[in-house]
Amino acid sequence: MSQILATVRVCRCLRRKSALATTSNVRNYICKPLLGFQAVKEKTVLIQPKSRGFILHWLRWKSDYLQTLPHLSQGKYTSNVNHDLRRFLEEIGTDPKEARYWLKQFQNIDQMRAKIFAVVHVHQDIFQQPKMLEALSSNLSFLFRNDMISLIVHGATFPANNQPTSDELQASRRRVNQETMTMVNFLQASGTPAHPLFPGSNVLKAEATPGSSMMGKVINVNTDPLQWCLGCGHMPVISSIGETSSSQLVSVDVHQATAELAKALQPMKVLFLNDHGGITNEKGEVIGEILIPGDLEKISNEIWYTDATERKVEYMKDLLEHLPSTSSVVITSATTLLTELFTRHGSGTLFKNMEPIHELTSLNDVNINRLIDLMSRAFGRPLKEEYFREISDRLDTIYISESYSAAAIITNEAGTSVPYLDKFVISTQSQGEGTSDMLWDVIRGKFKNLFWRSQHSNKINPWYFKRSEGSWSNSKWTVFWYGINDPKLSYRLVDYAVRLKTSFIEKKQTSSLRLPSKMESTSKV
């Protein structure tokens with residue numbers, strides 16, 4: 001059987017034999033400095049294989065061991081948690097409720113379907129800026145420690161009209177391999193166990209481009225090595241170098257590799273990180289979001305919509321067509337990643353599949369018959385004829401999707417300055433497609449506080465609980481609210497909500513309800 005020589009660096013505080021229990025025949029050691037450590041020992045060990053899986057066993061031991069190194073350091077990365085938390089608070093501002101809301105939403109995502117929260121494309125320019133790379137690794141480590149696992153992909157971009165020479169491709173591959181090691185080093189220094197998947201790992205299955213034996217495109221993604229990394233608790237780092245069926249390595253454009261990885265893994269987010277931020281208009285202002293297909297016609301006539309921007313938008317459109325309806329794609333700066341994820345205003349340009357949602361303030365602009373049909377079908381009861389007449393004087397805003405598959409009605413009630421969510425309705429066909437989350441994000445973006453009620457038997461109540469900051473329940477109603485910190489005010493809102501007349505025709509009308517002496521107000525975000 002073969003033998004393996006391996007070099008293992010050990011912090012000086014790990015001198016006990018138990019630290020090297022999986023090794024034997026220590027031949028020599030040399031003391032050398034390592035980033036963040038005052039002194040380390042470098043031991044060359046001889047590993048005797050005892051089973052077919054000894055290589056994987058050793059690699060996992062080494063990765064698990066390296067995971068502990070940043071916590072032992074007395075240097076720059078002494079306290080990763082405090083370091084990341086401080087950066088997190090500096091980036092997102094001082095609104096902890098908003099941060100908790102988004103953190104809860106991301107953590108509640110069904111990641112059993114795909115254990116990847118985000119596919120992160122890191123632009124090559126970032127590797128030339130150590131401070132930006134440090135900020136990025138810190139942000140990714142924060143996500144990792146909060147169960148939002150990312151896959152890192154990086155590499156070179158090859159313009160369609162520019163054919164690189166063989167020397168240029170060789171230089172590009174050397175640079176890409178060096179960047180893989182750099183990314184892994186920064187992540188591990190920030191406390192994240194990262195695992196590099198170098199060319200030849202059989203992840204990106206490619207075919208050579210006609211006329212070039214050194215360039216190609218991805219035709220399939222082997223997710224087994226990626227899932228293995230995730231199962232080991234590591235963050236995969238992969239470069240855009242594919243492998244053909246004949247085991248030939250070919251350079252692949254990083255955008256095409258990112259798209260194929262995202263299509264295979266179906267993440268919640270695809271993040272394109274650069275050193276400058278999102279798409280900007282003619283004034284240099286970042287375009288906050290582009291909804292597909294709703295905004296395409298509108299932006300096509302804008303001055304800032306150049307040919308290069310159009311190619312980006314078409315690329316995003318094609319990518320979103322192959323992702324779940326709840327997924328989104330973002331172009332933003334590596335230094336503002338947390339701001340993009342944990343604030344409503346974001347920091348870059350968000351792309352999302354979403355039919356337009358119209359914001360209206362008058363019933364004259366609404367197709368009443370279509371709205372009545374939507375509400376009656378969704379609630380399973382006919383709407384009272386006088387409903388719209390009664391709310392006309394109290395109406396604040398109506399949100400309606402283009403196809404009348406979703407709507408929300410918000411009113412201004414007498415005696416309180418807090419708006420009331422009178423109706424929130426999603427058609428049966430649109431449920432589970434992310435429409436409710438899109439509509440809710442629009443509402444939260446405009447209204448800083450809100451209260452509403454729902455029947456105690458409503459199956460959507462768990463969804464409301466996750467998005468509220470307080471609640472109260474009795475045998476018939478559950479009243480929810482957010483943005484309200486005054487207990488007396490919340491008590492008055494509950495009192496008001498449970499006394500409102502029902503909007504639908506029911507067989508039995510329930511008598512007035514009494515409030516209990518005590519109310520429960522619990523944080524839900």
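Look above for the structure.
As a starting point, this report considers the structure included with it. Quick caveat, the model's predicted, so the values are computed rather than measured.

### Quick notes on the pairing of strand E21 (residues 470-473)
Look at any regular strand and the pattern is simple: side chains alternate between the two faces of the sheet.
Thinking step 1. Summarising the sheet, E21 and strand E22 (residues 477-482) pair through 4 bridges and their orientation is antiparallel. Looking at the pairing, Ser-471 lines up with Phe-480 of E22.

### Observations concerning empty space enclosed by the protein
Where empty space is left can be seen by rolling a probe of water-molecule size over the atoms.
Thinking step 1. Following the criterion strictly, the structure yields 3 cavities of 30 Å³ or more and no others.
Thinking step 2. In this structure, the largest cavity spans a volume of roughly 70 Å³.
Thinking step 3. Those elements giving two or more residues to the lining of the largest cavity turn out to be strand E9 (235-239) and strand E10 (241-243).
Thinking step 4. Ranked by residues supplied to the lining of the largest cavity, first place goes to E10 with 3 residues.

### Things to note about the environment of His-345
Thinking step 1. Topologically, His-345 is positioned in the loop between helix H10 (337-342) and strand E15 (349-354).
Thinking step 2. C-alpha of His-345 to C-alpha of Gly-288: the two residues are 57 residues apart in sequence and 7.5 Å apart in space.

### So, the side chain of Ser-436
Thinking step 1. Note that Ser-436 resides in helix H13 (residues 435-446).
Thinking step 2. With a relative accessible area of 19%, Ser-436 lands in the buried category.
Thinking step 3. Among residues more than four places away in sequence, those in contact with Ser-436 are Phe-424, Ile-426 and Trp-463.

### A word on the packing of helix H4 (residues 130-145) against helix H5 (residues 166-189)
Thinking step 1. Contact geometry for H4 and H5: axes closest at 9 Å, N-to-C directions at 55°. Classified by the angle between their axes, H4 and H5 sit oblique to one another. Taken as a pair, H4 and H5 cross one another with a handedness that is right-handed. Two secondary-structure elements touch here, H4 through Pro-130, Leu-133, Glu-134, Leu-136, Ser-137, Leu-140 and Ser-141 and H5 through Thr-182, Met-183, Phe-186 and Leu-187.
Thinking step 2. For the contact of H4 with H5, the class distribution of residues is 7 nonpolar, 3 polar and 1 charged.

### Overview of unusual backbone geometry
Thinking step 1. Cis geometry is adopted by the peptide bond preceding Pro-293, which originates at Ile-292 and carries an omega value of 5°.
Thinking step 2. Mapped onto the elements of the fold, Pro-293 is located in strand E13 (residues 289-293).
Thinking step 3. The phi dihedral of Ser-247 is positive, around 65°, even though this residue is not glycine.
Thinking step 4. When you line up the elements, Ser-247 lands in the loop between E10 and strand E11 (249-252).

Cut-off values and rules
Residues numbered from 1 in each chain as written. Predicted model: local features only at pLDDT ≥ 70, side-chain atom pairs only at ≥ 80, totals over all residues. Heavy atoms only, no water. Pairing = 2+ DSSP bridges. Helix = DSSP H or I, 4+ residues; strand = E, 2+ residues; numbered from the N terminus. 1 Å grid on protein atoms, 1.4 Å probe; cavity = no way out; pocket = protein on both sides within 12 Å on 5 of 7 lines; lining within 4 Å. Points joined across faces, edges and corners; volume = space filled by probe spheres on them. Buried < 20%, exposed > 50% of the residue type's maximum accessible area, 1.4 Å probe, protein only. Contact = heavy atoms within 4.5 Å. Axes fitted to C-alpha atoms, helices over the stretch in contact; angles between N-to-C directions. Parallel < 35°, antiparallel > 145°, perpendicular 65-115°, else oblique. Left-handed = near helix turned anticlockwise from the far one by under 90°. Nonpolar A, V, L, I, M, F, W, Y, C, P; charged D, E, K, R; others polar.

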